[in-house]
Amino acid sequence: MRRTKMTTRISALLAVCALIFTLVNPPASRADSKLRIMTATTDLAALAQEVGGEKVDVESIARGYQDPHFVEAKPSFLLKLRHADLLIVVGLELEIGWLPPLISQSTNPKIQVGAPGYFDASRFAKILEIPTGQVTRAEGDVHPLGNPHYWLDPENGLRIAKGIQNKLSEMRPGDAAYFAQRYDSFEQRLKQADEKWLAEMKPYAGRKIVTYHRSWPNFVEHFHLDVVGYVEPRPGIPPSPQHTVELIGQMKRDGVKIIVVEPYFDLKTPNAIARETGALVVVLMPSVGGEKEITDYFKLFDYDITKLKQAFDATK
Amino acid sequence: MKRFSALSLVVLFSMSTSAQEKPSVSGKQDPPSAGAAAAAAEEVRIRALEEQVRTLAQEVALLRGELKTIRDTKPADRTAGDHLLLASTRMEPGVLPSSTPATAAPEPVPAAQVAQTQTYGGATSNAKLLNPDISLIGDFIGTAGRNTVSPSRSLELHESEVGMQAIIDPYARADAFISFGEEGVNVEEGYVTFTSLPAGLLLKVGKMRAEFGKVNTIHNHALSFIDRPLVTNNLVGGEDGIDDAGISLSRFLPAPKNWFLQGTAQVFRGDSSDVFAANRRQDASVVGHLRLYRDLGESTNIDLGASYARGHNTAGVGSTIFDPANFLTNLYSADATLRWKPLRRAIYHSFLFRTELFWSARDQLSPLNVFQTQHAFGFYSDSEYRVNRRWTVGGRFDRSGRATNASLTDTGFSGILTYWPSEFSQIRGQYRYGHLWDVPNDRFTNANEFLFQFLFVMGAHGAHPF
C-alpha cells in the first residue's frame, strides 16, 4: 500500500516535471533564415562578418578589451549559444578555462565539439611557438598546442576567412556564390591593406620591442619586428621584481624603447620600466573592439600600426 | 531511446556470440601440422617486418640528417629556444631491439629506451590524445587553536582529488572526480552528460553533487573558504553534502528578455551523508532547483536560486510504534549571489557577495518517543574581494540551528586571506570563530581557530566554476 503510494508520488512528480519541460517549449525555430554564428572572440566575429555579410548574425562571447584567457562562463552566454548554428573558436586551449562548460551546457547539439557547427579556426592558421619537447608549468601557463594569439597576422586572417567561407558554403549551399564573392572582395581589400601596412612598417623593420604577454608572435613576424623580452617572467605569471630588474638591464643594453601592453594588463610595472629605461609604453589592441573605433579586422591593424609608428617616431 | 536499446541488444548479442566462438578457434589450432605451417608463416611475416624496419630506420637517418642541416643553417629559435627542447633531441623514435641496422642512426639510442618496442612521441603519441584530461588537486589543511565541539587534525592532506574528463562520443561527455582523503577513497562525482538531446534537455546520469543551492554543488578546492559554512554541517550533510547516485534532468525555461531561467529535477537513491537514508529501495530522494540569472551590465550580474529536497531519514529505524517509512526530511533553500568583475581588469579586481538560507523539516522521535518534526533554520553570508592579481580577502558570517534540535543555534564568523602564486596554486589563512553547542557538557563553548591551506593543481587546466 505504502509502496504504491510512494511510487505513484515519485512518478507523478516526474510527470509534472516532464510536463513543465515540454509545455513551456519556447519558439526554437524562428522564421528568419540568417545563420546564427557565435564566436569566442571579436576577431573571429569580424572575419565571419566579412564573409557572411548580411546572410549571417554574428556575436562574440568575449569583448575586444577582455583577456581571452579569463572570460567568465556566464549563463547569459548559454542563451545565445543554444540557438547558434555555428560556433567559431580560437582553439589551442585559449578558451579551456571557460568554453567547455558553456558548450556542454548549451543543450545545442549543433555546436558540440566535433559536430558540424563547431569550427576551430586554429586548424586553418599558421601557428607559432609550438613547444615540441617537454612541456611543464615551470614555463608558466604554456599552451602545449602553440601560441593561440595567431589572428594578428593578416595572412592568418585570410586563411581563417577562407575556412569560414567553406564552412558557410557547406551549411548554406544556396548562398555559396554569395560567400565566395564576399571572400574574394575581402581577400582583395586585405591584400591591398596589407601592402600599405607593410610599407608603413618597413622603415621600422628589425626594431626591438618588449611586450607584456606573448600575444604578438604572429604580428611581429609579419611586420618584421623583434621581441626581445616580456614584462611577465613567464606566461600568466605576474611581473616579479627580479625579472623586472633583469628586463630593465636588457632593455638598456639592447636599446629597446617600446613596451607593448595589452589593454587588460595593469600599467604600473610597464610604466616603472619605462621610467627607468626612457622607453614608451604603448597600449596596442590585440582584438577588434578593444577601442570603440576598431570596428573591423582592418581597423585593428590600422590602429595598432598607427600607434606603433607614432611610438617609434617619438623614441628615435 | 528505442534505437539505443536496440543498439545495446545488438552489442550484447555480438558479445555473447564472440565469447562462444573463441574456444572453437583455439580448438582448430591444436593439430601439430597446422601449428608448423603457422610457425613458418610467422617466420615469413617477421622477416618482412624486419625488412620494413630496416628501410624505415634508413629513412629516419636520412630525415635526421636533413633536420640537422636545417637546424644548423637556421639561427636558433629565440622564442622557443632556451627552455623547450625539440622533440627529436629528447624522445627517440622507438626501435626494435632485434634490428641491428637501426644503430646506423647518427644519434645512438640509450639502452633503456631501446628495450621498449613502443614508441614514445611520434606517431603513437596521437593515441594518447584520446586519453581523458587528467588532473590532480592536492588540498593540504592545517589547524591550530581550540575547538572542542568539532576538532580537526593539526595537519592533514585533506583530499587529493583526481579529475578525469573526456568527451565520450558525439552525444555525451563524462566527468569523474575521485577523492582520496585521510580516511579512504570516495567517488565524489562520476557522471555522463548527454549534450545532444532533443527539446533542449540536459541529462546527467551517475553520482553527482545535487543541484541544491550553491555551496552544495562546489567541490572543496573551489570553495571561497577553507571550510564549508556551519549551516552545511548542521543541516545539509557536512562536507559531502547531498551527493548521491541518480539522474538529473535540466532545461532552460522561458523567461523575460535578458533573464536566464533554468529548471532542474533530480532523482537519487536516497543515501546522502546524514541527511537522507534509503532504508528501502523505494526511499528515493528528489531534488528540484530553479536558477534565475541576469546580467546587470558587462561587469555585474545577479544569480538567484531556489531549491527543494526531500528524502527519508533514519530517525524511525528500530521504532516499534511508528513505521520507519514515515520519517522524512524536507529541505528548502534560497540563494542569492552578486558578482562584479570589470572586464578590462578582470584578473586584478573582482567582488562577490553570496548568501544562502536553509530550512530543514526533519521527522523524528522526541526523547519521550513522540513523533515530531524539527524545523531548523540556518544561513550564511560571505563576500570575497580580489585586491590585486595575487591577493584575495574574504569574510563570512554563519548562523544555524541543528537539524535534530532546532533550539540550539550555533553562530560563527571567519576571515580569510588568499595568496595566488599562479593560477595553479593557492596559499590561504583563515581565522574562524564559533559559538557552538557542546553536547556532552550541555553548554555553549567558544572555538577560536586558525586554519591554513595549500592547494595545488597538476595536469589538465580545468574550467573555472561560475
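Owing to the predicted nature of the structure, the values given are computational and were not obtained by experimental measurement.

A. How the structure looks around the environment of Ala325 of chain B. As for its position among the elements, Ala325 of chain B is in the loop between β9 (300-312) and β10 (328-340). Sequence spacing of Ala325 of chain B and Ala278 of chain B is 47 residues, and the spatial spacing of their C-alpha atoms is 9.3 Å.

B. Structural detail: the sheet that holds strand β4 (residues 118-120) of chain A. Residue and element names in this part refer to chain A. Across the sheet, four strands lie side by side as β2-β1-β3-β4; this open sheet has parallel pairing. Single-partner strands in this sheet number two, and they are β2 (56-60) and β4. Pairwise comparison of adjacent strand axes, ignoring direction, gives a mean angle of 20° for this sheet. Relative to β4, strand β3 (residues 86-89) runs parallel, the two being bridged by three bridges. Within β4, the position partnered with Ile88 by the bridge is Phe119. Its contacts with the sheet put helix α2 (residues 42-52) on β1 (35-39), β2 and β3, and the angle it makes with β2 is roughly 170°.

C. The arrangement of the sheet that holds strand β7 (residues 258-261) of chain A in detail. Residues and elements named next belong to chain A. With respect to topology, four strands assemble into an open sheet ordered β6-β5-β7-β8, the strand pairing being parallel. A single partner strand is all that each edge strand has here, and the edge strands are β6 (226-230) and β8 (280-283). Neighbouring strand axes in the sheet, compared pairwise and without regard to direction, differ in orientation by 35° on average. As defined by bridge partners, β7 adjoins β8 across four bridges and the pair is classed as parallel. Within β8, the residue paired with Ile259 across the bridge is Val281.

D. Representation of the domain arrangement of chain A. All names here are of chain A. According to the domain assignment, chain A consists of domain 1 (35-195) and domain 2 (202-314). The C-alpha-based centres of domain 1 and domain 2 are spaced at 25 Å. Of all elements in the fold, only α2 and α5 (154-171) reach the threshold of two or more residues within the side of domain 1 that touches domain 2. A total of five residues in the side of domain 1 that touches domain 2 trace back to one element, the largest contributor, which is α2. Within the side of domain 1 that touches domain 2, the residues separate by chemical class into nine nonpolar, nine polar and nine charged.

Criteria and thresholds
- Residues numbered from 1 in each chain as written.
- Chains lettered and ligands numbered in written order.
- Predicted model: local features only at pLDDT ≥ 70, side-chain atom pairs only at ≥ 80, totals over all residues.
- Helix = DSSP H or I, 4+ residues; strand = E, 2+ residues; numbered from the N terminus.
- Pairing = 2+ DSSP bridges.
- Axes fitted to C-alpha atoms, helices over the stretch in contact; angles between N-to-C directions.
- Contact = placed C-beta atoms within 7 Å.
- Domains from an automatic or database assignment.
- Nonpolar A, V, L, I, M, F, W, Y, C, P; charged D, E, K, R; others polar.

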